[in-house]
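Residues per chain are reported as follows:
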Amino acid sequence: MAGGGFSVSSSAGTEFEAKITPIVIISCIMAATGGLMFGYDVGISGGVTSMDDFLREFFPAVLRRKQQDKESNYCKYDDQGLQLFTSSLYLAGLTATFFASYTTRRLGRRLTMLIAGVFFIVGVIFNGAAQNLAMLIVGRILLGCGVGFANQAVPLFLSEIAPTRIRGGLNILFQLNVTIGILFANLVNSGTSKIHPWGWRLSLSLAGIPAGMLTLGALFVTDTPNSLIERGRLDEGKAVLKRIRGTDNVEPEFNEIVEASRIAQEVKHPFRNLLQRRNRPQLVIAVLLQIFQQFTGINAIMFYAPVLFNTLGFKSDASLYSAVITGAVNVVSTLVSVYCVDRVGRRVLLLEAGVQMFLSQVVIAVVLGIKVTDRSDNLGHGWAVLVVVMVCTYVASFAWSWGPLGWLIPSETFPLETRSAGQSVTVCVNLLFTFLIAQAFLSMLCHLKYAIFIFFSAWVLVMSVFVLFFLPETKNVPIEEMTEKVWKQHWFWKRYMDHDNHHVVNGKNNTINNAAV
């Protein structure tokens, strides 16, 4: 969800002439399969790691603990190797992001998506054919490299190829596909769990479907006009712009892209610029949003939903079905965000979700504290239904708030000269904390037990207070006017803008004085 280039929108809020052409729709659908692949990789690991056949092959110690009554219910799955299987993907994605930023800028968005597709396919082959733990981890690392490249190129591709009036909807298409990928993975797991002893291989191998779709799509789609112009291919860029907009009247948009490219190329040290005082509010908010997004606990629940439900005493089939239910809630609630984000605003969604997530996690913690002990996991039907309902309530509130908005807000607040660097930092911080949570969650569950939900609910309280006092509303504010309309009006962040403005004014006065002399 980052980009290694620049984007352009009309500086005066003018609508450029553009039709919604078939080539745009097809290109966006093909590109968004990168989100499908990411979601499938997120969702598949939890179901696979709850399958006895998979554990017997790679983690026999975990299987023995699972089958014995001696071990605490909360500690059955506490294994660093098992957590590394899940988390290695995100560490690889973090590393790959640095290379993907370069290829997105130098080779273009299309070629970067093609590289991602190749990584995905090779990773799927390694995972599906894995004979030992090393082969399994290598496969996950290759998938992680694909995630790093796809998450860098696909959202940028979507935002650049789409006409302005549907850009927001098409951008959230990537996030929507992530949730669909998670749901698809949960449905696959619920079926393959009944196929012995190789059902887990089928689960991991079916990731080849979205991987193949992304690779084929990258072969046939056109690169974006922005990318072509950025690399000096102006005539080709104009021709592509005419084709995707369905009109010959593209001169105003073409000139604006050329100007945006010129300005972006004048920025020699975007990461250094990012640290300047005037850019500090955007940087602080972008970094904290990524940290907070992970400390909602969402990825812990989405990675390990079947394992978590198993721990709570659900039988294997029931745990996978419960994970399917939460996956479906995730998809539907993301659609709520698409509808509401530009109507009610970012802050309202985040604050409402904060209350909903906090209460649902507290209820889960209380139920587990009373009903699930180290040795007894008999929740009972009524309590089990309540836990699933509360998990769904929690997932729903996340999916219409911190899920898409954790990415949307940073992408619309960075100024042009630091947008590429800012988005790279955003992705890196997100993947780093995704890795940390994925690697630590099962161990935390073992040591904290039901209090793991109290831990995450405390963080939800912290982030809601931050949103209340420090996150300005960016609804319906053009990116170019963000400084004047948002940062300079905010009670806390305006001091950073005033300081910068002071120097600008002094600089202008000195120029005027020198000219007069």
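Below is a summary of the structure that appears in this document. This one's a predicted model, so the numbers in the text were calculated from it and none came from an experiment.

Criteria and cut-off values
Residues numbered from 1 in each chain as written. Predicted model: local features only at pLDDT ≥ 70, side-chain atom pairs only at ≥ 80, totals over all residues. Heavy atoms only, no water. Helix = DSSP H or I, 4+ residues; strand = E, 2+ residues; numbered from the N terminus. Expected span 1.5 Å × (residues − 1). Buried < 20%, exposed > 50% of the residue type's maximum accessible area, 1.4 Å probe, protein only. Arc of directions from axis to C-beta. Contact = heavy atoms within 4.5 Å. Salt bridge = Lys/Arg side-chain N within 4 Å of Asp/Glu carboxyl O. Disulfide = S-S within 2.5 Å. Lys, Arg positive; Asp, Glu negative; His and termini not counted. Patch = residues over 30% accessible without salt bridge, like charges linked within 9 Å, V, L, I, M, F, W, Y side chains within 5 Å. Areas by Shrake-Rupley, 256 points an atom, 1.4 Å probe, with all protein chains shown as cover. Polar contact = N/O pair within 3.5 Å; in protein donor to acceptor, adjacent residues only side chain to side chain. Phe/Tyr/Trp six-rings, centres within 6.5 Å; stacked < 30°, edge-to-face > 60°. Lys NZ or Arg CZ within 6 Å of the ring centre and 35° of its normal.

### Section: helix 9 (residues 208–220)
Between the first and last C-alpha of helix 9 there are 18 Å, a value that for 13 residues agrees with the 18 Å anticipated at 1.5 Å per step. Buried residues of helix 9: Pro210, Ala211, Leu214, Thr215, Gly217 and Ala218, and no others. All buried residues of helix 9 lie within an arc of 160° about the axis, which places them on one face of the element. The secondary structure elements touched by the buried residues of helix 9 are helix 1 (22–48) and helix 5 (109–128).

### Some details on the pattern of salt bridges
Scanning the entire structure with this criterion turns up eleven salt bridges. Arg56 is the partner of Asp53 in a salt bridge, and the nearest nitrogen-oxygen pair spans 3.0 Å. Of this pair, Asp53 and Arg56 both sit in helix 2 (residues 52–58), three residues apart, roughly one helical turn. Assessed through its relative accessible area of 14%, Asp53 is described here as buried. In this structure, Arg231 and Asp223 form a salt bridge, with 2.7 Å as the shortest nitrogen-oxygen distance.

### Details of unusual backbone geometry
Working note: non-glycine residues mostly have negative phi, and peptide bonds are mostly trans. The residue after His196, namely Pro197, is reached through a cis peptide bond having omega 0°. Summarising the element assignment, Pro197 is placed in the loop between helix 7 (167–192) and helix 8 (199–205). At Lys449, a position not held by glycine, the phi torsion is positive, near 55°. The residue Lys449 is located in the loop between helix 20 (416–448) and helix 21 (451–470) in this model.

### Quick word on the state of the cysteines
Under the criterion given, the structure shown has one disulfide. The disulfide bridge from Cys75 ends at Cys446, spanning 1.9 Å between sulfur atoms. Here Cys75 and Cys446 share a disulfide; its torsion about the S-S bond, 90°, makes the bridge right-handed. One end of the pair, Cys75, is in the loop between helix 3 (60–67) and helix 4 (80–106); the other, Cys446, is in helix 20, and 371 residues separate them in sequence. For the pair formed by Cys75 and Cys446, the shared burial category is buried.

### A look at the side chain of Asp41
Residue position: Asp41 is located in helix 1. Buried charge Asp41 goes without a salt bridge, the closest partner of opposite sign being Arg140 at 4.7 Å. If sequence neighbours within four positions are ignored, Asp41 has contacts with Leu89, Phe120, Arg140, Leu143, Val147 and Ala207.

### Looking at a nonpolar patch on the surface
A cluster of nonpolar side chains, Val118, Val122, Phe126 and Val138, forms an exposed patch at the surface whose accessible area comes to about 270 Å². Relative to the assigned elements, Val122 resides in helix 5.

### A short note on helix 18 (residues 381–399)
Across its 19 residues, helix 18 extends 27 Å between first and last C-alpha, which sits within 8% of the 27 Å expected from 1.5 Å per residue. Within helix 18 the residues assigned to the buried category are Ala384, Val387, Val388, Met390, Val391, Cys392, Tyr394, Val395, Ala396, Ser397, Phe398 and Ala399.

### A word on the environment of Glu412
When you line up the elements, Glu412 lands in helix 19 (residues 402–413). Looking at Glu412, the relative accessible area reads 10%, which means it is buried. With 70 residues separating them in the primary sequence, Glu412 and Met482 have C-alpha atoms 8.5 Å apart. Polar side-chain contacts of Glu412 include one of 2.9 Å to the side chain of Arg346.

### Some points on the packing of aromatic side chains
Evaluated as defined, the whole model comprises 22 aromatic pairs. Ring centres of Phe54 and Phe85 lie 5.3 Å apart, and the angle between their planes is 45°; on these two criteria the pair is classed as tilted. One end of the pair, Phe54, is in helix 2; the other, Phe85, is in helix 4, and 31 residues separate them in sequence. Accessibility assignment for this pair places Phe54 and Phe85 in one class, buried. Seen from the ring of Phe254, Lys238 lies directly overhead, with NZ or CZ sitting 4.7 Å from the centre. The ring of Tyr339 has Arg343 sitting right over it, with the charged end atom 4.0 Å from the ring centre.

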